[in-house]
Amino acid sequence: MRKLAGSRRGLLVAGAAALAMPARAQPAWPARPVRLVVAFAAGGPADLVARIVAARLEPALGQPVVVENRAGAGGQIGTEYVARAQPDGHTLLFTSSAAHGVGPALNPSQPYDAVRDFAHVGLVASGPVALLVAANSPFRTLADFVAAGRASVRPVPFGSGGNGSLGHLTGELAARSLDLPMQHVPYRGSAPAQADLLAGTIAAVSDNLSAHAELVRTGSLRALAVASRARLPNFPDVPTYSEQGHPDLVAAAWFGVCGPAGLPAPVVERLNSALRTILVEAAMRERLLGLGLQAEGGPSAAEYATFVAGEVARWREVVRVAGVTAG
């Protein structure tokens, strides 16, 4: 009995000691370099912005942030790679409206769910789509363009950087909102579309303004409308679609950061906070503005996740109504 009582006392003491021990701390994050995957080739817009952001995240996180390009299949290869990665915060995706907006609408069979298979961290930057004409075009305003198009016996031809691109889908959205018959002419990128616009082969181009910003600044191209909620600080003379009577025409290419689903909440919050801090820096905002982009960073992680889900649903409906197919 004495032995049994002694054993019980020992168990009680051991149990009390265990309860008194502090809870085991979570592993520090990041514990090693962070990989920021870009699902497109080096030198493109996503890659350029990712490298600017990575350089400023390094001091904020206390670890190297290494940009890794995994291009292919319209961004699906790199995006799927991150979706299948360990959700420990050391593999992230620098994503965009291509992968988490238009892409799911055009490719419903892609091997991941753009909303559920990711932890959406934060919005980085955006650049709106614009409707552009050549400087020698007779169209001085959006109203001129619409009036001439409605009077024509043929649909107005407009170019974009490619079939299913954001410029293409925004053009389809504009055709409905403006009640204007328009015929899409796909190009293999913004540069050839711009060349044909300057040559007078097509009447207009619907594309990211950042791709044509320099020619708009120098006066070779004229932007009739920009699909932003307010006029852009670097193009204050370009009116929005909204102020010309079309408030539904808001569309922008955007960039953000996400990770695989299951990313720990403290990692998400720390990353979101770091992004919001660096994106209010004057130097960062000026650098992005030089690329034709506006620094974002305001939304919380939850707000950004809602934004992504809304983008996927919105462009899926545009694709359905316009009958756009991939390829």
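Anyway, here's the lowdown on the structure attached to this text.

About the cut-offs
- Residues numbered from 1 in each chain as written.
- Predicted model: local features only at pLDDT ≥ 70, side-chain atom pairs only at ≥ 80, totals over all residues.
- Heavy atoms only, no water.
- Pairing = 2+ DSSP bridges.
- Helix = DSSP H or I, 4+ residues; strand = E, 2+ residues; numbered from the N terminus.
- Right-handed = clockwise from strand over helix to strand, strands pointing away.
- Contact = heavy atoms within 4.5 Å.
- Expected span 1.5 Å × (residues − 1).
- Buried < 20%, exposed > 50% of the residue type's maximum accessible area, 1.4 Å probe, protein only.
- Core = buried A, V, L, I, M, F, W, Y, C linked by side-chain atoms within 4.5 Å.
- Arc of directions from axis to C-beta.

Describing the pairing of strand E2 (residues 65–69)
Right, so step 1: Two elements, strand E1 (residues 34–38) and E2, share five bridges in a ladder whose sense is parallel. Note that in E2 the partner of arginine 35 across the bridge is valine 66.
Right, so step 2: In this fold, the crossover linking E1 to E2 by way of helix H2 (residues 45–61) has right-handed handedness.

Let's talk about the environment of glutamine 194
Right, so step 1: On the secondary structure map, glutamine 194 appears in helix H7 (residues 190–199).
Right, so step 2: Each C-alpha atom of the pair glutamine 194 and leucine 132 lies 9.3 Å from the other, and the pair is 62 residues apart in sequence.
Right, so step 3: In this structure, glutamine 194 is in contact with Ala211, His212, Leu215 and Leu221, ignoring residues within four places of it in sequence.

Overview of helix H6 (residues 166–178)
Right, so step 1: Along its 13 residues, H6 runs 18 Å from first to last C-alpha, staying within 8% of the 18 Å computed at 1.5 Å per residue.
Right, so step 2: Buried residues dominate H6, accounting for 11 of its 13 residues.
Right, so step 3: Of all the residues in H6, the buried ones are Leu166, Gly167, His168, Leu169, Thr170, Gly171, Glu172, Leu173, Ala174, Ala175 and Leu178.
Right, so step 4: Of the residues flanking the end of H6, it is aspartate 179, one or two places downstream, whose phi is positive at about 55°.

Side note on the nonpolar core
Right, so step 1: Among the nonpolar cores identified, the biggest contains 35 residues, and Phe94, Val124 and Leu275 are the most heavily contacted of them.
Right, so step 2: For this core, the secondary-structure elements that each account for two or more residues are E1, H2, E2, strand E3 (91–96), strand E4 (118–134), strand E9 (252–260), helix H9 (265–278) and helix H10 (282–290).
Right, so step 3: The leading source of residues in this core is H2, at eight residues.
Right, so step 4: Beyond its immediate chain neighbours, meaning those up to four positions away, phenylalanine 94 contacts Leu36, Val37, Val38, Ala46, Val49, Ala50, Val53, Val124, Phe255, Gly256 and Val257.
Right, so step 5: Phe139, Val146, Leu178 and Ala253 belong to the second-largest nonpolar core, a separate cluster that totals 32 residues.

With respect to H9
Right, so step 1: With 14 residues, H9 ought to run about 20 Å at 1.5 Å a step, and its terminal C-alpha atoms sit 20 Å apart, in line with that.
Right, so step 2: Regarding H9, the residues found buried are Val267, Val268, Leu271, Asn272, Ala274, Leu275 and Ile278. Down the axis, H9 shows its buried residues gathered within 160° of arc, on one side only. Exposed side chains of H9 directed beyond 90 degrees from the buried face belong to Ala265 and Pro266.
Right, so step 3: The inward-facing, buried residues of H9 contact H2, E3, E4, E9, H10 and helix H11 (301–322).

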